[in-house]
Amino acid sequence: MKNIAILFLCLIPFLGYGDSESELILSVGAVNGGGSEEAFPLDGDLDSLQLSFRHQFASDLMFEIGYQSRDGEYTLTDGQETDYDSDELKLKLGYRLCDQSECGMEITPYTGYIKFDAENDLNAFGVDISVDQEVTKIPVGIEVWAHKNDWSYGADISMSLKSKDEQKIDVLGIDQESESNWSFELSIPVRYRVNERIFLEARYTHLVDKFEDEAGDREAEERNNQFTLGLGVIF
């Protein structure tokens, strides 16, 4: 959290630069974690808290940084519930090709960086086990916004190449790693602008993330559905 706070503080000099615009949004939500672990289904219920800062430069360059924390549990096939928590840092850098004044919508292709860390604690055969996961991804995507009066409708589609996906169980001496797997993410936001400075946002996000152990010993696929509600400020 300390490093994340420093990153946000470093963005302060950009505020109010030229005709640029900044926004800060705080969102809360719920995640339904699904998918499969080999032949076994995944079933999780998580709460999320997200803080995101975005700056649109007068030159049409876009920069965004977001932090998200998730906390909850996954239900195992024997009915046992695990204790799960994760942290995600997401950076996006894009360029707006078309703005509202010219074509009625905003189209922004982007790339970036995602760092994800998770810990899943459970008890198996009387042994306390912690499954630790570290993931880094490079996303490539496109974001589209259409505006009508006080309402805005968006779509954000991206594919991310994993440069690292390591999952470790130290107590069992297990260290598995997956490289060069892709993950897919689709996000649909809807916004209502309360006034010149304040807006509300509802967002649905669908994530498909695959893990294939390099040794061929294990395969897993996550299919997460997330709903968030946010309050944002423009400055």
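Look up a bit, the structure's there.
Residues numbered from 1 in each chain as written. Predicted model: local features only at pLDDT ≥ 70, side-chain atom pairs only at ≥ 80, totals over all residues. Heavy atoms only, no water.

**Student:** I'm lost on the overall build of the chain in this one. Help?
**Tutor:** Along its length, the chain carries two helices and twelve strands. By residue count, 40% of the 235 residues in the chain fall in the buried class. Counting only contacts in the chain whose residues sit at least 6 apart along the sequence, the fraction spanning at least 24 positions is 58%. Per element, the accessible surface of the chain, about 12800 Å² overall, is 57% carbon and sulfur. (Helix = DSSP H or I, 4+ residues; strand = E, 2+ residues; numbered from the N terminus. Buried < 20%, exposed > 50% of the residue type's maximum accessible area, 1.4 Å probe, protein only. Contact = heavy atoms within 4.5 Å. Areas by Shrake-Rupley, 256 points an atom, 1.4 Å probe, with all protein chains shown as cover.)

**Student:** How should I be thinking about the packing of aromatic side chains in this particular structure?
**Tutor:** The geometry of an aromatic ring pair is captured by the separation of the ring centres together with the interplanar angle, meaning the angle of the planes. The final tally for this structure, using the stated rule, is four aromatic pairs. Note on Trp151 and Tyr192: the rings are 5.0 Å apart at their centroids and 50° apart in plane angle, and the pair reads as tilted. Within this pair, whereas Trp151 is found in strand E8 (residues 151-169), its partner Tyr192 is found in strand E10 (residues 182-193), the two being separated by 41 residues in sequence. Ring centres 5.1 Å apart and planes at 40° place the aromatic pair Tyr204 and Phe227 in the tilted group. Within this pair, whereas Tyr204 is found in strand E11 (residues 198-212), its partner Phe227 is found in strand E12 (residues 219-234), the two being separated by 23 residues in sequence. In this structure, Lys92 packs its charged tip against the face of Tyr110, placed 4.2 Å from the ring centre. (Phe/Tyr/Trp six-rings, centres within 6.5 Å; stacked < 30°, edge-to-face > 60°. Lys NZ or Arg CZ within 6 Å of the ring centre and 35° of its normal.)

**Student:** Just to check I follow, could you spell out the pattern of salt bridges for this structure?
**Tutor:** Close approach of charged atoms lets side chains of opposite charge pair. Evaluated as defined, the whole model comprises 18 salt bridges. We note a salt bridge from Glu143 to Lys92, for which the minimum N-O separation is 2.9 Å. Of this pair, Glu143 sits in strand E7 (residues 127-148) while Lys92 is found in strand E5 (residues 83-95), placing the two residues 51 residues apart along the sequence. With a relative accessible area of 6%, Glu143 lands in the buried category. A salt bridge links Asp209 to Lys162, with the shortest nitrogen-to-oxygen separation between them at 2.5 Å. Of this pair, Asp209 sits in strand E11 while Lys162 sits in strand E8, and the two are 47 residues apart along the sequence. Owing to a relative accessible area of 11%, Asp209 belongs among the buried residues under this scheme. Here the salt bridges share partners, and the residues they tie into one network are Arg54, Glu64, Lys92, Glu143 and Asp156. (Salt bridge = Lys/Arg side-chain N within 4 Å of Asp/Glu carboxyl O.)

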